[in-house]
Number of protein chains: 2
Amino acid sequence: MSVAAAQRDEPVRSALEQAQALVAEDMARVNRLILEKLQSEVALIPELARHLIAAGGKRIRPMLALLSARLCGYPGEDHVALATAVEFIHTATLLHDDVVDDSELRRGRASANALWGNKAPVLVGDFLFSRAFQLLVSVGHLEVLGILADASAEIAEGEVQQLVTANDTGTSEEAYLAMITGKTAALFRAACELGAAVAGRPRAERLALRAYGEALGVAFQLIDDALDYSAREAELGKAVGDDFREGKITLPILVAFSKGDERERAFWRRTLEKVEQSEADLVEAQRILARHRAIEATIARAEAYGRTAKEALSIFPRSPARDALAGLVDFCVHRAY
Amino acid sequence: MSVAAAQRDEPVRSALEQAQALVAEDMARVNRLILEKLQSEVALIPELARHLIAAGGKRIRPMLALLSARLCGYPGEDHVALATAVEFIHTATLLHDDVVDDSELRRGRASANALWGNKAPVLVGDFLFSRAFQLLVSVGHLEVLGILADASAEIAEGEVQQLVTANDTGTSEEAYLAMITGKTAALFRAACELGAAVAGRPRAERLALRAYGEALGVAFQLIDDALDYSAREAELGKAVGDDFREGKITLPILVAFSKGDERERAFWRRTLEKVEQSEADLVEAQRILARHRAIEATIARAEAYGRTAKEALSIFPRSPARDALAGLVDFCVHRAY
């Protein structure tokens with residue numbers, strides 16, 4: 001992180017904390033419902049799922065569902081189940097993603113597949129996915145079910161697209177953005193839309209919250225991609241350079257590749273396409289990214305998406321929930337973890 | 001297969017064909033809907049999914065949904081979407097199961113993970129699962145959604161249970177039956193219940209179709225387990241002895257283990273618990289199973305479940321659909337593939 005980013009850290013953390021404080025009571029109910037719905041006669045299921053869910057994470061996606069419901073003046077109780085379903089779907093994708101990526105660390109702890117192999121995480125992910133739909137059925141709101149079924153299909157498409165574009169330095173920025181819109185932003189968007197849908201708000205508000213969520217999700221993923229090369233490992237809670245070692249094509253790479261000379265392009269092709277890497281290559285990659293200010297360009301892009309997200313909120317009157325959603329944009333764009 | 005079983009082959013095949021003929025038109029629509037709903041901008045998804053779905057299979061699960069709807073006099077169109085959703089969920093579990101089992105053959109062709117690695121099949125399975133729920137949402141029938149969400153959770157629980165009991169010769173028959181009820185019979189049961197639910201039939205008919213489907217599913221899995229040791233490979237469409245090589249504990253093993261002497265138990269512990277196997281061990285396993293008539297005992301158990309399934313149908317007046325469902329019991333219990 002740059003010095004400037006480090007200085008920004010405090011207000012940024014407090015934006016997250018303010019949002020958390022606003023929905024703290026609801027989130028406590030979400031956490032209780034998570035533990036309740038993880039129960040199964042098959043003891044390995046709660047054991048494995050709890051490893052990941054209890055590790056915490058920032059709970060941004062369920063928070064978005066809770067804040068959106070609040071923003072829309074939803075007076076009922078169902079938002080708690082919806083937020084729980086969102087977190088279950090997110091956790092299922094993490095479990096399946098870890099199998100795919102074979103990553104060693106997740107949220108600062110050993111990943112589920114490092115502990116249990118590839119088998120159990122796939123199946124426990126399926127269980128969580130099913131539980132999410134059971135929860136949605138119990139809420140009995142078809143529109144809401146459709147929102148999350150659509151998002152789930154889109155996530156899977158984005159993840160498959162990521163496989164297809166992995167190791168391809170010829171990926172276009174457009175294809176990259178479409179891919180992260182699917183794999184990350186679709187669930188952010190769905191979480192936000194749920195709030196308006198369950199509150200029965202008019203279409204304009206639904207679309208505004210969709211637009212907010214999608215732009216926020218893209219910004220979130222762009223920062224994720226930047227942090228993979230620039231974060232301090234202890235803060236990030238996972239290994240720096242994971243994307244590089246897997247040959248993942250992310251925006252920093254696309255920026256540096258497009259600006260790079262033939263020698264640099266040969267470096268990216270060897271390390272990311274052929275995934276032939278030596279110990280020193282990550283540092284060299286970081287050096288090339290710095291030369292082209294690729295991390296800064298990625299952050300700038302995230303900031304632009306962040307502005308789009310905030311603008312989308314403008315149709316709502318100012319309220320603590322709207323301020324919290326706007327604050328989450330600042331957090332997602334300027335976070336160091 | 002014994003000579004007697006081979007002689008039974010003809011009427012058995014014809015029972016399947018009669019059921020197929022009765023719903024041929026509906027099944028053609030299911031097949032069209034499958035292809036339509038496999039579409040995605042991500043080309044790998046239909047490519048991979050079609051590999052498995054187009055390979056055919058017997059389509060027993062969607063056939064059960066179609067026949068149950070017919071039995072219940074359902075006059076509408078939604079049963080086609082429901083049957084498609086059932087096949088999607090089944091295919092998703094196959095894709096995830098192949099990752100889990102690393103099996104080499106599925107429906108006589110190379111398994112998806114042998115061709116595409118572990119990554120893509122997990123994600124395409126997630127896509128199919130999501131598509132199934134999108135289809136159900138489009139039908140707009142909450143009860144039906146609940147039936148399939150419940151079944152999906154139960155399948156995942158059964159699969160995880162299978163992991164837990166794998167390689168454990170101390171597994172009780174009770175635990176084994178609970179496990180196959182989850183991993184196999186839950187979807188048979190759900191497919192049958194859907195027909196009554198979508199037709200709005202009274203609870204007694206729903207319960208009868210649930211009972212039929214569950215007993216049929218257990219019988220189907222028991223025969224699967226028997227065939228893994230006794231089938232002719234060309235007919236089965238997958239390698240004989242897969243379960244043995246993976247150390248799977250199935251009913252034939254539990255029967256032989258309980259009747260075996262210490263030398264035989266040591267053999268099972270070495271081959272199935274430690275999975276230390278030599279080339280000749282499968283033949284030795286088959287010899288021990290034959291000595292204790294374990295395959296015959298497994299088939300007898302399947303026949304008992306088959307009788308339970310047929311009895312459950314007795315509350316319905318006789319009709320071509322009921323005859324077809326009864327015929328499917330004969331097929332499932334006496335099939336050689």
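As the structure is a computational prediction, the values presented were derived from the model and not from experiment.

Asks: Break down the overall build of chain A for me, with residues and values.
Replies: Along chain A, the regular secondary structure elements total 17 helices and two strands. When each of the 337 residues of chain A is scored for burial, the buried share is 54%. For chain A, the share of sequence-separated contacts (at least 6 apart) that also reach a separation of at least 24 residues comes to 77%.

Asks: Before we move on, could you go through the packing of helix H14 (residues 262-273) of chain B against helix H15 (residues 281-291) of chain B and cite the residues and values that matter?
Replies: Residue and element names in this part refer to chain B. Relative to each other, H14 and H15 sit at 140°, their axes nearing to 11 Å. Taken as axis vectors, H14 and H15 run oblique relative to one another. In this structure, H14 crosses over H15, and the sense of that crossing is left-handed. Residues Glu264, Phe267 and Thr271 of H14 touch H15, and the partners they reach there are Asp281, Glu284, Ala285 and Ile288.

Asks: Let's hear about the relation of the copies chain A and chain B: which residues, and what values?
Replies: Two chain copies, one operation linking them: a rotation about an axis together with a shift along it. In the superposition of chain A on chain B (RMSD 0.0 Å, axial shift 0.0 Å), the rotation amounts to 180°. The transformation just described matches what one would write down for a two-fold rotation axis. Of all interface residues in chain A, 100% are interface residues in chain B too; the two copies therefore contact each other through one and the same surface.

Asks: Could you give an account of the confidence of the model for chain A, with specific residues and numbers?
Replies: Residues and elements named next belong to chain A. Chain-level statistics for chain A give a pLDDT mean of 89 and a share of 89% at 70 or above. Least confident of the elements in chain A is strand E1 (residues 105-106), whose mean pLDDT is 40; most confident is helix H4 (residues 60-71), at 98. This stretch, residues 100-109, has a pLDDT under 50; its non-local contacts, to residues over four places away or in other chains, come to 26 contacts. Under the prediction, the complex receives an ipTM of 0.91, its pTM being 0.91.

Asks: So, the nonpolar core: which residues are in play, and what are the values?
Replies: Grouped together as the largest cluster of nonpolar side chains are 228 residues, with contacts concentrated most on Leu148 and Ala219 of chain A together with Leu148 and Ala219 of chain B. If sequence neighbours within four positions are ignored, Ala219 of chain A has contacts with Ala302, Tyr305, Gly306, Ala309, Cys332 and Val333 of chain A.

Asks: Summarise the environment of Ala28 of chain B; cite the residues concerned and give the values.
Replies: Here Ala28 of chain B lies in helix H2 (residues 24-37). Since 11 C-beta atoms lie within 10 Å of it, Ala28 of chain B is described here as exposed.

Asks: How would you summarise the interface of chain A and chain B if you had to cite specific residues and measurements?
Replies: Each partner contributes residues to the interface: chain A has 36 residues there, and chain B has 36 residues. At the level of secondary structure, the elements contributing two or more residues to the side of chain A that touches chain B comprise helix H3 (44-53), helix H5 (78-101), helix H7 (119-139) and helix H8 (142-165) of chain A. Of the residues that constitute the side of chain A that touches chain B, the class distribution is 21 nonpolar, nine polar and six charged.

Asks: Now, about the packing of helix H7 (residues 119-139) of chain B against helix H8 (residues 142-165) of chain B: what can you tell me, with residues and values included?
Replies: All names here are of chain B. Interhelical geometry of H7 versus H8 gives an angle of 160° and a closest axis separation of 8 Å. Considering the angle they form, H7 stands roughly antiparallel to H8. Crossing angle aside, the handedness with which H7 passes H8 is right-handed. The segment H7 lies against H8, with Ala132, Leu136 and Val139 engaging Val144, Leu145 and Leu148. Of the residues assigned to the contact of H7 with H8, the class counts are six nonpolar, no polar and no charged.

Asks: Mind laying out H7 of chain B, listing which residues take part and the relevant values?
Replies: Here H7 of chain B contains 21 residues, and its C-alpha end-to-end distance of 31 Å stays within 8% of the 30 Å for a straight helix at 1.5 Å per residue. Burial within H7 of chain B is extensive, with 20 of its 21 residues counted as buried.

Asks: Break down the environment of Leu52 of chain A for me, citing the residues and quoting the values.
Replies: All names here are of chain A. Tracing the sequence through the fold places Leu52 in helix H3. When the 24 C-beta atoms within 10 Å are taken as the criterion, Leu52 is described as buried. Remark: the alpha-carbon pair of Leu52 and Val80, spanning 28 residues in sequence, is separated by 20 Å.

Asks: If you had to explain the environment of Leu44 of chain B to someone new, which residues and values would you point to?
Replies: Locating Leu44 of chain B in the fold gives a position in helix H3 (residues 44-53). When neighbours within four sequence positions are excluded, Leu44 of chain B is seen to be in contact with Val160 and Val164 of chain A together with Ala120 of chain B.

Asks: Got a sec to walk through unusual backbone geometry? Specific residues and values, please.
Replies: Here the phi dihedral of Val275 of chain A falls at roughly 50°; this positive angle occurs in a residue that is not glycine. With respect to the helices and strands, Val275 of chain A occurs in the loop between helix H14 (262-273) and helix H15 (281-291).

Each value, and the rule that gives it
Residues numbered from 1 in each chain as written. Chains lettered and ligands numbered in written order. Predicted model: local features only at pLDDT ≥ 70, side-chain atom pairs only at ≥ 80, totals over all residues. Helix = DSSP H or I, 4+ residues; strand = E, 2+ residues; numbered from the N terminus. Buried ≥ 20, exposed ≤ 12 C-beta atoms within 10 Å, placed from the backbone. Contact = placed C-beta atoms within 7 Å. Axes fitted to C-alpha atoms, helices over the stretch in contact; angles between N-to-C directions. Parallel < 35°, antiparallel > 145°, perpendicular 65-115°, else oblique. Left-handed = near helix turned anticlockwise from the far one by under 90°. Least-squares fit on C-alpha atoms with pLDDT ≥ 70 in both. pLDDT = per-residue confidence, 0-100. Core = buried A, V, L, I, M, F, W, Y, C linked by C-beta atoms within 7 Å. Nonpolar A, V, L, I, M, F, W, Y, C, P; charged D, E, K, R; others polar. Expected span 1.5 Å × (residues − 1).

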